[in-house]
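So the chains spell out like this:
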Amino acid sequence: MRSWRPESLSHRRANLDVRGRVLGAIRDFFAENGFVEVDTPALQVSPGLEPHLQAFGTVLHDPDSAALPRYLHTSPEFAMKKLLAGGMERIWQLAHVFRDGERGATHHPEFAMIEWYRAGASYRDIMADSEALLRRVQDAAGVAAFRRHAEGADARQPWHYLSVAEAFETLAGIDLLGTVPDPGRPDAILLADAAGTAGIAAHDGDDWETLFFRILLDRIEPKLGIGVPTILYDYPLAQAALARRKPEDPRLAERFELYVCGVELANAFGELTDAVEQRARFEVDRRKKQALYGESYPIDEDFLAALEHGLPECAGIALGFDRLVMLAAGAEHIEDVLWLPVR
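Small disclaimer: the values here were computed from a predicted structure and weren't measured.

## As for the pattern of salt bridges
Tallied over the entire structure, the rule returns 28 salt bridges. For glutamate 277, the salt bridge is made with arginine 245, and the minimal N-O distance between the two is 3.3 Å. Here arginine 245 lies in strand 11 (residues 245–246) and glutamate 277 lies in helix 7 (residues 275–293), a separation of 32 residues in the sequence. Given a relative accessible area of 41%, arginine 245 falls into the partly exposed group. With a closest N to O distance of 2.8 Å, arginine 279 and glutamate 301 form a salt bridge. Of this pair, arginine 279 sits in helix 7 while glutamate 301 sits in helix 8 (residues 301–310), and the two are 22 residues apart along the sequence. Classification of glutamate 301 as partly exposed rests on a relative accessible area of 43%.

In structure tokens, the structure reads:
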């Protein structure tokens, strides 16, 4: 059935009303807490360098120069951090972002992302923001709990905080940090042995990252955020992305993810501010993407220039707005909370 037809739109209308109330509550929350709403371009030199994300490419025909390759961003992160380097202190954005090859019950090729960043803050401050924001959203939706299938999570109750190492130990029976004797070179053989003991088969050619995610998806994620939201924090350095190293433990990075009803809702960092280390990580990710998919995306040199200029100590988060609305409305599919899907 065509999504614009009256019967289809009527089916979604209650969820879309929830969407409007949730968005209003979010705008009020950020305004009351001193954040400035910003609006950055979707068209970028680099769409983001996470190896497994596939971007949409295009060409910019500028009258004053040759045709320039550009991409629709997979996140507004680079642009927002440039604003922090320019002196902004508390910023947030509701951005439409684009990821090719992603469609399913909780995935869509174009979706809405809420990102916010705070200068002079830690990832612990962003955790506190997340708790306050989800409680506000739950109140605005008028529900006793967020829901996904038969599971519920009441954000008004005390949240569950669990380190990645604790999650692997308690939910999968694996000593994860025992498989990273060198923080920069996790050992796939050690993790494969541990996974096998836990009843999770390793496949020929599996690297440490592949095994990490197989264990996470199979044994851990479905159990997170049940009853109350869960913060899964302190990822191994090999999964740092754009997060800084944890000063107290060089094996770890200041990264957390938020789970509600088994759904990954947000990803957050104590942000890396060192341009040299960031470039090195970008190069590693580009080589990995080239090896896996036969392509790579350019580095945003303007972003690295912003880090060199002086990105302040800061923390930030990306939260899936459509998934949040799904959980607030108890919807089964992401397209049930979209005004119109991509076809």
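## So, the sheet that holds strand 2 (residues 43–44)
Across the sheet, which stays open at both edges, the 3 strands sit in the order 2-4-3 with antiparallel pairing between neighbours. The open sheet is flanked by strand 2 and strand 3 (57–61), the only strands paired with a single partner. Bridging between strand 3 and strand 4 (residues 67–72) involves 5 bridges; their strand directions are antiparallel. Each residue of the ladder has a partner; that of histidine 61, found in strand 4, is alanine 67.

## Considering helix 4 (residues 164–172)
Residues of helix 4 that are buried: Val164, Ala167, Phe168 and Ala172. Along the axis of helix 4, the buried positions cluster into a sector of 95°, meaning they face one direction only. Immediately beyond the C-terminal end of helix 4, within one or two residues, lies glycine 173, with a positive phi of roughly 70°.

## Considering a nonpolar patch on the surface
On the surface, Trp4, Trp339 and Leu340 cluster together into a nonpolar patch covering about 400 Å² of accessible area. Tracing the backbone through its elements, the reader meets tryptophan 339 in the segment after helix 9 (321–329).

## Notes on the packing of helix 5 (residues 188–197) against helix 6 (residues 208–220)
Axis separation between helix 5 and helix 6 bottoms out at 9 Å; the angle between their running directions is 30°. Comparing the axis directions of helix 5 and helix 6 gives the class roughly parallel. Viewed along their axes, helix 5 and helix 6 form a crossing whose handedness is left-handed. Across from Ala188, Leu191, Ala192 and Ala195 in helix 5, the residues of helix 6 making contact are Trp208, Leu211, Phe212 and Ile215. Looking at the contact of helix 5 with helix 6 residue by residue, the classes come out as 8 nonpolar, no polar and no charged.

## Considerations on the pairing of strand 5 (residues 90–98)
As judged from the 2 bridges shared by strand 1 (residues 36–37) and strand 5, these two strands associate in the parallel manner. By the bridge assignment, valine 36 is partnered in strand 5 with isoleucine 91. As defined by bridge partners, strand 5 adjoins strand 6 (residues 110–119) across 9 bridges and the pair is classed as antiparallel. The residue bridging glutamine 93 from the neighbouring strand is glutamate 115, located in strand 6.

## Observations concerning the environment of arginine 214
Of note, arginine 214 is situated in helix 6. A C-alpha to C-alpha distance of 9.4 Å links arginine 214 and alanine 201, two positions 13 residues apart in sequence. With sequence-adjacent residues up to four places away left out, arginine 214 is seen in contact with Ile200, Ala201, Ala202, His203 and Asp206. A polar contact is formed between the side chain of arginine 214 and the side chain of histidine 203, at a distance of 3.2 Å. A distance of 2.7 Å separates a polar atom in the side chain of arginine 214 from a polar atom in the side chain of aspartate 206.

Definitions and cut-offs
- Residues numbered from 1 in each chain as written.
- Predicted model: local features only at pLDDT ≥ 70, side-chain atom pairs only at ≥ 80, totals over all residues.
- Heavy atoms only, no water.
- Salt bridge = Lys/Arg side-chain N within 4 Å of Asp/Glu carboxyl O.
- Helix = DSSP H or I, 4+ residues; strand = E, 2+ residues; numbered from the N terminus.
- Buried < 20%, exposed > 50% of the residue type's maximum accessible area, 1.4 Å probe, protein only.
- Pairing = 2+ DSSP bridges.
- Arc of directions from axis to C-beta.
- Patch = residues over 30% accessible without salt bridge, like charges linked within 9 Å, V, L, I, M, F, W, Y side chains within 5 Å.
- Areas by Shrake-Rupley, 256 points an atom, 1.4 Å probe, with all protein chains shown as cover.
- Axes fitted to C-alpha atoms, helices over the stretch in contact; angles between N-to-C directions.
- Parallel < 35°, antiparallel > 145°, perpendicular 65-115°, else oblique.
- Left-handed = near helix turned anticlockwise from the far one by under 90°.
- Contact = heavy atoms within 4.5 Å.
- Nonpolar A, V, L, I, M, F, W, Y, C, P; charged D, E, K, R; others polar.
- Polar contact = N/O pair within 3.5 Å; in protein donor to acceptor, adjacent residues only side chain to side chain.

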